Amino acid sequence: MPVKLPWLKGVFPALVTPFVKKTEEVDEEAYRLLIRSCLPHVDGLVTSGTTGEFPYLTRDEQRRLVEIALEEAGGKPVIAGCGASSTQEALTLARDAQAAGASAALVVTPFFLHPSDKGVYQHFYDIATGVDLPIILYNIPQVVDRYLPRTVVQDLADLPTVVALKDSSGNLTYTMELLEYAGDRIDFFVGHDEVVLPALAGGVSGMILASAQVYPDVWQQVFRLVAEGELDEARALQRSVQKLSRIFCRHGGGVAVKAALQLMGLDVGVPRRPLKPVGGALLHETRAEIRLELEKLGKIPVPEARFEVPTGPLAGRFADLEITPDVIAAHGLRTGSGAAGEGLNRVQIDLIAGGKRTPLGDAYALQLTYPLHGREALTAILEPALTVRPPTLLLPALPQKNLRQANMIYGPTQAALARAIVDALEAGRIPPAAVEEDVMVALATVHPRALDRHALYHSVHAAAGRALAQAFPGTTDQEEGHHGLQD
Amino acid sequence: MGYKTEWFKGIFPALVTPFTTHDTLDEAAYRQLIRFVLPHVDGVVPCGTTGEFSYLTPEERKRAIAVCLDEVAGRVPVIAGTGCPSTRETVALTGWAQGAGVTAALVVAPYFLKPTFNEVYDHFRAVDQVGLPFVLYNIPQCAGTHFRWWTAEGMLLDFDHTIGIKDSSGDLPFMEAMFEKVKGRVAIFVGHDEVVQPALAAGADGAILASANLIPDVWQRVYRATLAGDLETAQRWQQRVQKLVRIVVRCGSTQAVKEGLGMMGLPVGHSRHPVVPGGAFRREDRDELRLQLELAGVDKIPKAPVTFDLGRKQVQTEVFATPQTPRTISGFTLKVGEGFAGPPFTELAHVDLLLGLKDGPVGRAIERALAGWGEERGLRIINERPRTLLVPTVTLRTARQRRLFEHAAEGVNLAIRLSVEDGFLPEGILDEVALIVNAFVHPAASIAKRVDFNNYKATRYAIRKALEGRPTVEELIDEKAAARHPFRYAP
């Protein structure tokens with residue numbers, strides 16, 4: 001009967017492997033700094049796991065990572081990732097880890113060629129019996145393309161040196177089934193950041209996580225709270241990191257973790273090719289989202305940003321379009337303004353509408369050659385290929401300084417403005433002649449620190465509705481009737 | 001034991017079921033559709049997957065089958081879709097169809113709850129006892145279960161009334177297994193439009209297809225050429241319609257076929273909810289399907305004369321016109337069109353296009369931009385007839401972004417050239433109007449060919465949308481509730 005290891009519990013970060021830009025060499029100094037930053041909150045370290053890009057590392061590099069981790073760990077256990085496609089190579093890595101002094105080996109299901117269940121068993125059996133080191137089985141079907149079969153795990157758990165299984169699938173039905181069949185003999189670790197709390201509550205002993213090097217403090221608290229039975233507090237903490245955890249699990253993996261560390265001032269360099277630091281699995285847009293979430297968590301400072309809405313007479317707010325109060329009067333342009341929302345979701349929409357042959361037509365065309373840097377106009381659309389009528393441009397009133405601010409405009413604000421316009425069309429508020437003859441421009445003032453797309457959508461929809469009602473007062477006002485213009 | 005009939009071969013359209021604006025069966029449109037396909041087909045299939053059988057009440061299915069039988073009047077075989085999730089209902093409807101006089105039934109694998117293969121076998125054994133010849137129907141994309149080859153083999157050989165199998169999976173290894181087991185003893189039909197020619201070449205007896213509503217003549221050419229051993233001709237026609245049928249198969253076949261027929265002047269209404277316009281069959285797919293239906297040899301959308309009224313001048317042109325194309329187009333002060341094409345995400349194209357008179361807002365904006373910030377912001381004239389200003393939506397910062405934007409420019413220019421050729425930008429307006437094309441290239445774009453081609457597509461769609469005034473207010477109101485801007489949501 002195998003003996004459970006007393007140290008095998010708690011929070012373990014699956015460390016990224018820092019690489020120097022251009023050369024892609026391992027950056028040992030950065031690795032040390034990374035370990036020092038998370039060490040106070042963790043119970044041990046994991047080198048060259050999936051987050052550590054193990055398939056891109058040589059044998060020598062993996063051994064070196066173990067050595068550095070041991071030097072920096074201050075006596076805490078170091079689990080060495082020993083994953084390989086072939087049994088021979090995995091065994092070699094495990095022997096290296098043993099020689100270096102690692103506490104255990106984390107061995108992933110053999111990948112690429114798909115061995116049978118018998119082949120998978122043999123793989124782990126050969127390693128468990130070929131090296132004098134505790135073995136942690138590692139299930140991660142997202143990259144291996146198969147689950148470690150339950151019946152194989154059930155048998156492997158009989159081997160004295162197989163001590164645990166790390167389940168990164170996030171599939172709790174699988175975890176629960178394994179706990180049922182092997183929980184008496186081996187420990188379980190959750191490896192999926194999105195389901196840490198339910199897995200802990202379900203009976204796993206700890207976690208090996210990508211995000212445990214970004215917010216190890218949060219996970220340490222979750223671990224402690226669950227142990228103490230304080231589930232409400234643990235739930236709130238899990239929820240506070242849910243979105244970031246989701247981004248790490250589903251939108252970029254180790255690359256996203258590197259981006260987060262970078263934003264926090266830890267220069268862990270680039271991933272190895274073919275992975276791209278950004279623009280591949282991790283989109284620019286998602287990186288902007290990571291920044292926003294780290295701000296919320298207090299991991300990085302929130303930049304100062306002033307929210308000033310245009311004030312003064314409405315007719316005077318369209319100077320950027322070269323539309324003066326005199327022009328408005330001379331050409332009978334319609335204007336309307338509306339505001340809605342509270343706090344960061346406060347929005348003001350200043351709208352101007354008028355004939356294509358008026359100076360507004362010229363302003364419309366000119367805006368699409370983008371004279372206002374950082375305030376590029378965009379067409380109001382319900383979704384791509386659903387352009388509203390009359391044609392309407394959305395012009396941000398405040399300069400967009402970063403992608404995170406742009407994310408609030410391109411999408412939520414754009415679609416909400418479009419929806420308000422189509423609602424006005426349906427209500428018969430906008431006269432049919434205007435649909436053909438007019439254009440509109442909406443100046444949108446959105447808080448530079450807005451971060452809730454859903455709330456923002458509703459603010460913009462309400463504000464734009466008010467602006468439209470003012471610009472097209474009582475044309476027919478059938479808002480209750482929802483008549484189309486064709487009726 | 002199943003058997004092979006003389007008549008079950010060739011091209012069979014899986015007919016769409018036309019609906020009126022009140023969502024009832026449109027019998028007149030159904031008859032018109034049948035009259036359109038009949039000269040080119042070897043039989044018809046009412047109430048198949050493309051016929052939205054799963055959205056019809058039993059009474060509606062019976063009515064559609066009855067109308068189809070009446071219109072066909074014995075000229076070709078009628079194979080009616082009678083499959084239901086439960087055995088009880090399937091047997092009842094198949095029995096009714098036998099009495100109504102259908103030639104055979106097409107019976108889909110029982111779906112939603114996923115019966116095991118022996119439950120599937122017994123389901124079809126019950127259908128066999130009805131006594132009507134029937135065709136097994138494998139469509140794992142919808143039914144959720146893929147026939148095991150041994151189940152299909154057993155059903156085809158053990159039962160008395162099986163005359164064949166329709167395989168819509170597109171899984172050619174499965175089809176080859178069917179050839180190995182049952183070829184010559186029952187008919188094997190392909191039901192996946194993207195692999196018709198290879199399946200026929202490999203030995204399939206015929207095809208039951210969604211796209212055979214639109215292009216029955218093309219499929220007949222593929223079939224005949226294959227029979228004659230002229231593989232080269234068969235391949236050429238398959239390849240000519242490959243994009244067309246990929247759109248049909250992958251983008252919600254019923255709505256795609258229905259909108260295609262609508263553009264061809266055969267109005268059959270929309271699919272029933274929850275299928276919606278602009279859903280799986282996206283707006284950009286409709287624009288692309290239209291272009292594919294116009295292709296030489298396919299020739300499904302006729303040209304019609306259209307007058308461009310520039311105010312001071314009238315220009316006559318001929319364009320591929322759908323019922324939505326106005327026969328007189330005016331308002332050339334400023335026209336707005338938007339085009340979108342993707343995937344992939346980082347190579348998608350989004351184009352805001354302005355078309356207007358040179359001495360109007362568009363022409364004036366171009367000259368002001370060039371004189372002012374043009375060079376600094378990377379704006380440039382990429383065409384003189386019509387005078388076209390290309391504007392990058394996102395500031396070009398790196399050499400790589402500038403290189404890829406060149407590919408976008410090539411795509412935009414191709415769209416303009418082809419629009420000049422197809423009449424949407426007629427010679428008579430080329431010196432009168434100007435274009436502003438504001439094109440988005442994602443900063444992380446990689447694949448130059450896709451950037452080029454997606455910008456071509458987006459611009460080509462945008463030109464037509466600007467001229468035809470699409471989307472219409474009616475479409476906007478119809479689609480506003482379900483519209484989902486992809487950037488509205490957090491990751």
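Residues numbered from 1 in each chain as written. Chains lettered and ligands numbered in written order. Predicted model: local features only at pLDDT ≥ 70, side-chain atom pairs only at ≥ 80, totals over all residues.

### Considering the overall build of chain A
Counting its secondary structure elements, chain A contains 18 helices and 13 strands. Overall, chain A is about 90 × 45 × 45 Å in size when its C-alpha atoms are taken along their principal axes. In chain A, which comprises 487 residues, the proportion classed as buried is 54%. In chain A, the share of contacts with a sequence separation of at least 24, taken over all contacts with a separation of at least 6, comes to 75%. (Helix = DSSP H or I, 4+ residues; strand = E, 2+ residues; numbered from the N terminus. Buried ≥ 20, exposed ≤ 12 C-beta atoms within 10 Å, placed from the backbone. Contact = placed C-beta atoms within 7 Å.)

### Brief notes about the overall build of chain B
Looking only at helices and strands, chain B features 17 helices and 15 strands. Computed over C-alpha atoms, the radius of gyration of chain B comes to 25 Å, within 12% of the 23 Å expected from 2.2 N^0.38 for 491 residues, which places it in the range of a compact globule. Here the C-alpha coordinates of chain B stretch approximately 80 × 50 × 45 Å along the principal axes. Burial analysis of chain B (491 residues in total) assigns 51% to the buried set. (Rg over C-alpha atoms; globule rule 2.2 N^0.38 Å.)

### What to know about the domain arrangement of chain B
Domain annotation for chain B reports domain 1 (10–274) and domain 2 (333–479). Placing the centre of domain 1 of chain B and that of domain 2 of chain B at their C-alpha centroids yields a distance of 42 Å. (Domains from an automatic or database assignment.)

### What about helix α10 (residues 231–240) of chain B?
All names here are of chain B. Inspection of α10 places Ala234, Trp237 and Gln238 among the buried residues, and these make up the whole buried set. The arc that holds every buried residue of α10, seen down its axis, measures 105°, which confines them to one face. In this structure, α10 carries Glu232 and Gln239 as exposed residues pointing more than 90 degrees from its buried face. Structurally, α10 contributes buried residues whose contacts are with α8 (196–202), α9 (216–227) and α11 (242–250). (Arc of directions from axis to C-beta.)

### A word on the confidence of the model for chain A
Averaged over all residues, the pLDDT of chain A equals 94, while 97% of them reach at least 70. pLDDT under 50 marks residues 477–487 of chain A. Its contacts with residues more than four places away, or in other chains, come to 16 contacts. (pLDDT = per-residue confidence, 0-100.)

### Observations regarding the nonpolar core
Residues Leu417(A), Val441(A), Ala442(A), Ala207(B) and Ile436(B) are the most contacted members of the largest nonpolar core, which totals 210 residues. Sort the elements by how many residues they give to this core and helix α16 (residues 403–426) of chain A lands first, with 13 residues. One finds Leu156(A), Phe188(A), Val214(A) and Tyr215(A) within the second-largest nonpolar core, a separate group that totals 99 residues. (Core = buried A, V, L, I, M, F, W, Y, C linked by C-beta atoms within 7 Å.)

### Examining the interface of chain A and chain B
Interface size, as often reported, equals the accessible area lost upon joining of the parts. With 49 residues of chain A at the interface, the matching set in chain B holds 44 residues. Going through the elements one at a time, α11 (242–250), α13 (284–297), α15 (359–367), α16, α17 (432–437) and α18 (453–471) of chain A are the ones with two or more residues in the side of chain A that touches chain B. Broken down by element, the side of chain A that touches chain B gets its largest block of residues, ten residues, from α16(A). In the side of chain A that touches chain B, the residues fall into 24 nonpolar, 13 polar and twelve charged. (Nonpolar A, V, L, I, M, F, W, Y, C, P; charged D, E, K, R; others polar.)

### Some words on the pairing of strand β7 (residues 206–209) of chain B
On a regular strand, one side chain projects to one face of the sheet and the next to the other, so that they alternate. Residue and element names in this part refer to chain B. In β7, alternate side chains face the same way, and those of Gly206 and Ile208 on one face and Ala207 and Leu209 on the other are all buried. Bridge analysis of strand β1 (residues 10–13) against β7 gives four bridges, and the strand direction is parallel. The residue of β7 that forms the bridge with Pro13 is Leu209. Here strand β6 (residues 187–190) runs beside β7; their pairing, made up of two bridges, is parallel. Pairing of Val190 across the sheet is with Ala207, part of β7. With α8 bridging β6 and the parallel β7, this β-α-β connection has right-handed handedness. (Pairing = 2+ DSSP bridges. Right-handed = clockwise from strand over helix to strand, strands pointing away.)

### Here we look at the sheet that holds strand β4 (residues 134–138) of chain B
Residues and elements named next belong to chain B. The strand order β1-β7-β6-β5-β4-β3-β2 describes an open sheet built from seven strands, whose pairing is parallel. With partners counted over all chains shown, the strands left at the sheet margins are β1 and β2 (79–81), one partner each. Strand-to-strand, the axes of this sheet are offset by a mean angle of 25°, without reference to chain direction. As defined by bridge partners, strand β3 (residues 104–108) adjoins β4 across four bridges and the pair is classed as parallel. What sits directly across from Val108, in β4, is Tyr137. (Axes fitted to C-alpha atoms, helices over the stretch in contact; angles between N-to-C directions.)

### Brief notes about the packing of α16(A) against α18(A)
Residues and elements named next belong to chain A. Running from amino to carboxyl end, α16 crosses α18 at an angle of 40°, the nearest separation of the two axes being 8 Å. Viewed along their axes, α16 and α18 adopt a mutual orientation that is oblique. As for how α16 packs across α18, the hand of that crossing is right-handed. Two secondary-structure elements touch here, α16 through Met408, Gly411, Pro412, Thr413, Ala415, Ala416, Leu417, Arg419, Ala420, Ile421, Asp423 and Ala424 and α18 through Arg453, Leu456, Tyr457, Val460, His461, Ala464, Gly465 and Leu468. Taken together, the residues of the contact of α16 with α18 sort by class into 13 nonpolar, four polar and three charged. (Parallel < 35°, antiparallel > 145°, perpendicular 65-115°, else oblique. Left-handed = near helix turned anticlockwise from the far one by under 90°.)

### Some thoughts on the sheet that holds strand β8 (residues 303–309) of chain B
Strand pairing in a sheet takes place through backbone hydrogen bonds and is either antiparallel or parallel in direction. Residue and element names in this part refer to chain B. Spatial strand order, β9-β8-β10: three strands in an open sheet with mixed pairing. Of all the strands in the sheet, just β9 (314–320) and β10 (328–329) have a single pairing partner and so form its edges. Pairing analysis gives two bridges linking β8 to β10, with the strands arranged parallel. Bridging across to β10, Phe308 finds its partner in Ile329.

### What about helix α3 (residues 87–100) of chain A?
All names here are of chain A. Relative to the 20 Å expected for 14 residues at 1.5 Å per residue, α3 spans 20 Å between its end C-alpha atoms, a close match to the ideal helical length. Burial in α3 covers these residues: Ala90, Leu91, Leu93, Ala94, Asp96 and Ala97. Turning to α3, the residues buried within the fold contact α2 (59–72), β3 (78–81), β4 (104–108) and α4 (117–130). A positive backbone phi angle near 105° is found at Gly101, which sits one or two residues after α3. (Expected span 1.5 Å × (residues − 1).)

### Section: the packing of helix α6 (residues 149–158) of chain B against helix α7 (residues 172–182) of chain B
Residue and element names in this part refer to chain B. As a packed pair, α6 and α7 sit with axes 10 Å apart at the nearest point and diverge in direction by 40°. Of the possible angle classes, the one that applies to α6 and α7 is oblique. α6 and α7 meet at a crossing whose hand is right-handed. Contacts from Trp149, Ala152, Glu153, Leu156 and Leu157 of α6 reach α7 at Phe174, Ala177, Met178, Lys181 and Val182. A breakdown of the residues in the contact of α6 with α7 according to their chemical character gives eight nonpolar, no polar and two charged.

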